[in-house]
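Chain residues, written in single-letter form:
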Amino acid sequence: MGCVSSSSESPNSAPSGNDKERSYAIDKQLDDDARKFRREVKILLLGSGESGKSTIVKQMKIIHQNGYSRDELLLFRLTIYKNVIDSAQALVLAIRKFKLEPTESVNRAYAEKILEYRLDADSFSAGSPALGSTRGEPAPASYGGGLSPDIVRSIDSLWHDPIIPSVLDRSSEFYLMDSAAYFFDGVKRIGAPGYIPNESDVLHARTKTTGISETKFKSGQLSIHMFDVGGQRSERKKWIHCFEAVTSIIFCVALSEYDQVLLEETGQNRMNESLVLFESVINSRWFLRTSIILFLNKIDLFKAKLPKVPLSRYFPEYTGGPDVNKGAKYILWRFTQLNRARLSIYPHLTQATDTSNIRLVFAATKETILQNALRDSGIL
């Protein structure tokens, strides 16, 4: 009726030249759209808190987006100052918790100053000094952008006190961020007037990720959208909004966390928390066609810790002793055993703070992602 064509051509007549051109144009547009879609890759970064997800995102900026400008580097100063002070205060509180005293008497006074020190974040901006004070003392405005000389001296002296190694040997009994030693070793440079963070400082800086952040960059023929989500328990309910049309998941695990506890729940082992989270992700109905790229991260810290802190103390069935390869393989085995959905898992040993390592690992990761995209499109 209303759908009958008014054309006088019979149904069997050959299509006109215009029809052929129109059909070709439509087919070409469909092909172009399909190629474009295949080149657009959506990666979800998952993992428990402090597993290294945000550090991977920073590396993508360094590797694929020409790194950080001076102004962008300056924006990290307050975070770094806060990391230094929070870590120093955590160290002093641990000393007290274990009923220990600094060996050198001067460091006992310095420990008190560290506990009393406060950063005045309200008066801080990227172009102004980060002011700080101990209780009852006004913070002088002449530090030229660094921490006060007094607090720098206090932290540096306490860090070199002979009691510190015995405190660090009990690191599984209190929370201390992984980058604490890095910042303590560099506290004189960080506290100097006119301090500008370098890229290594930025990679070691720790701030809690809240919500979801998206990073877009080109890598060869791929246009990559990488989503970094908060790893703390309170943030995980927000992940659901990122699940649709995910090409690959990069799941980060900190190998060195086998003896550590959660920031938000000090009675919970961080490795066990990662295993529970991984099991829920890999067996989720949302990811039936998703490849899982497993970053076994912080291999440098794992190598340093394993000879001193036996893995078997926390996972009694492990029998490989201080052998790093056996330890890493055991942890990988623990994760792969959870893969009831039989998804493809592509594991990599990583050190997220090492740009050259991440450059190599991501090149291999990109190849995996491309192969999966081609497979899903029917080309392979």
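Not measured: the values here are computed from a predicted model.

For the rest of this paragraph, the subject is the overall build of the protein chain. Along its length, the protein chain carries 14 helices and 8 strands. Here the analysis covers contacts within the protein chain between residues at least 6 apart in sequence; of these, 74% occur between residues at least 24 apart. Roughly 19,200 Å² of accessible area belongs to the protein chain as shown, and the carbon and sulfur atoms make up 53% of that amount.

Another point: the confidence of the model for the protein chain. For the protein chain, per-residue confidence averages 83 on the pLDDT scale, and 77% of positions sit at 70 or higher. With pLDDT under 50 throughout, residues 1-11 is counted as low confidence; its partners more than four residues away or in other chains account for 1 contact. Ignoring residues within four places in sequence, the model shows residues 125-145, a span with pLDDT below 50, making 46 contacts including any to other chains.

This part takes up the pairing of strand E1 (residues 40-47). The side chains of a regular strand alternate, first on one face of the sheet and then on the other. Here E1 lies mainly inside the structure; 7 of its 8 residues are buried. In this structure, E1 lies alongside strand E6 (residues 248-254), joined through 5 bridges in parallel fashion. Within the sheet, the bridge partner assigned to Leu44 lies in E6 and is Ile249.

Looking at the secondary structure, you find Asp156 in helix H6 (residues 149-159). The class for Asp156 is buried, based on a relative accessible area of 15%. Asp156 has contacts with Val187 and Lys188, leaving out every residue within four places of it along the chain.

Attention now moves to the nonpolar core. Counting residues in each nonpolar core, the largest one holds 40 residues, and the members touching the most others are Leu147, Ile151, Ile155 and Val167. Elements supplying a minimum of two residues to this core: helix H4 (77-97), helix H5 (105-116), H6, helix H7 (164-168), helix H8 (180-185), helix H9 (187-190) and helix H10 (199-204). At 10 residues, H4 tops the list of elements feeding residues into this core. Residue contacts for Val167: discarding those within four places in its chain leaves Leu91, Ala94, Ile95, Phe98, Leu100 and Phe174.

Along the chain, Ser87 turns up in helix H4. In contact with Ser87, other than residues within four places in its own chain, are Leu176, Met177, Ala180 and Phe184.

So, on to the packing of aromatic side chains. Aromatic rings in a pair are described by how distant their centres are and how their planes are angled relative to each other. For the structure on display, the rule yields 13 aromatic pairs. Seen from their ring centres, Tyr258 and Tyr314 are 6.1 Å apart, and the 65 degrees between their planes marks the pair as edge-to-face. With Tyr258 in the loop between E6 and helix H11 (270-282) and Tyr314 in the loop between helix H12 (299-305) and helix H13 (324-336), the pair connects residues that are 56 residues apart, well separated along the chain. We classify Tyr258 as buried; its relative accessible area is 0%. With relative accessibility at 27%, the residue Tyr314 sits in the partly exposed group. Ring geometry for Phe278 and Phe335: centres 5.3 Å apart, planes at 80 degrees, overall edge-to-face. In this pair, Phe278 is assigned in helix H11 and Phe335 in helix H13, connecting sequence segments 57 residues apart. Take Phe278 and Phe335: they sit in the same class, and that class is buried. The ring of Phe227 carries Lys42 above its face, with NZ or CZ at 5.2 Å from the centroid. The aromatic ring of Phe98 is capped on one face by Arg170, whose charged end is 3.8 Å from the ring centroid.

In this section: H13. For an α-helix the count is 3.6 residues per turn, leaving residues at separations of three or four pointing the same way. Between its terminal C-alpha atoms H13 stretches 18 Å, which fits the 18 Å expected from 13 residues at 1.5 Å a residue. Here H13 has its buried residues at Val324, Gly327, Ala328, Tyr330, Ile331 and Phe335. Take H13 and look down its axis: the buried residues cluster within an arc of 155 degrees, on one side only. Exposed and facing more than 90 degrees away from the buried side of H13 are Asn325 and Lys329. Of the surrounding secondary structure, the elements contacted by the buried residues of H13 are E6, H11, strand E7 (291-297), H12 and strand E8 (345-349). The opening residue of H13, the one whose side-chain oxygen lies 3.0 Å from the backbone nitrogen of Asn325, is Asp323.

Their axes nearest at 9 Å, the elements H11 and H13 cross at an angle of 35 degrees. Residues Met271, Ser274, Leu275 and Phe278 of H11 pack against Ile331, Arg334 and Phe335 of H13. A per-class count over the contact of H11 with H13 returns 5 nonpolar, 1 polar and 1 charged.

Let us look at the environment of Asp120. Structurally, the position occupied by Asp120 is in the loop between strand E2 (118-119) and strand E3 (132-133). Taking the C-alpha atoms as reference, Asp120 lies 9.7 Å from Leu78; in sequence the two are 42 residues apart.

In any sheet, the strands associate via hydrogen bonds between backbone groups, in a parallel or an antiparallel arrangement. Taken in spatial order, the 6 strands of this open sheet run E4-E5-E1-E6-E7-E8, and their pairing is mixed. Bordering the open sheet on either side are strand E4 (212-219) and E8, each of which pairs with just one other strand. Averaged over neighbouring strand pairs, the angle between their axes works out to 20 degrees when direction is ignored. The pairing of E1 with strand E5 (residues 222-229) spans 6 bridges and is classified as parallel. The residue bridging Lys42 from the neighbouring strand is His225, located in E5. Strand contacts of H11: E1, E6, E7 and E8, with the helix running at about 165 degrees to E6, the strand carrying the most contacts.

The subject of this paragraph is the environment of Pro310. Assignment of secondary structure puts Pro310 in the loop between H12 and H13. Along the sequence, Pro310 and Asp259 sit 51 residues apart, while their C-alpha atoms lie 8.9 Å from each other.

Definitions and limits used
Residues numbered from 1 in each chain as written. Predicted model: local features only at pLDDT ≥ 70, side-chain atom pairs only at ≥ 80, totals over all residues. Heavy atoms only, no water. Helix = DSSP H or I, 4+ residues; strand = E, 2+ residues; numbered from the N terminus. Contact = heavy atoms within 4.5 Å. Areas by Shrake-Rupley, 256 points an atom, 1.4 Å probe, with all protein chains shown as cover. pLDDT = per-residue confidence, 0-100. Buried < 20%, exposed > 50% of the residue type's maximum accessible area, 1.4 Å probe, protein only. Pairing = 2+ DSSP bridges. Core = buried A, V, L, I, M, F, W, Y, C linked by side-chain atoms within 4.5 Å. Phe/Tyr/Trp six-rings, centres within 6.5 Å; stacked < 30°, edge-to-face > 60°. Lys NZ or Arg CZ within 6 Å of the ring centre and 35° of its normal. Expected span 1.5 Å × (residues − 1). Arc of directions from axis to C-beta. Polar contact = N/O pair within 3.5 Å; in protein donor to acceptor, adjacent residues only side chain to side chain. Axes fitted to C-alpha atoms, helices over the stretch in contact; angles between N-to-C directions. Nonpolar A, V, L, I, M, F, W, Y, C, P; charged D, E, K, R; others polar.

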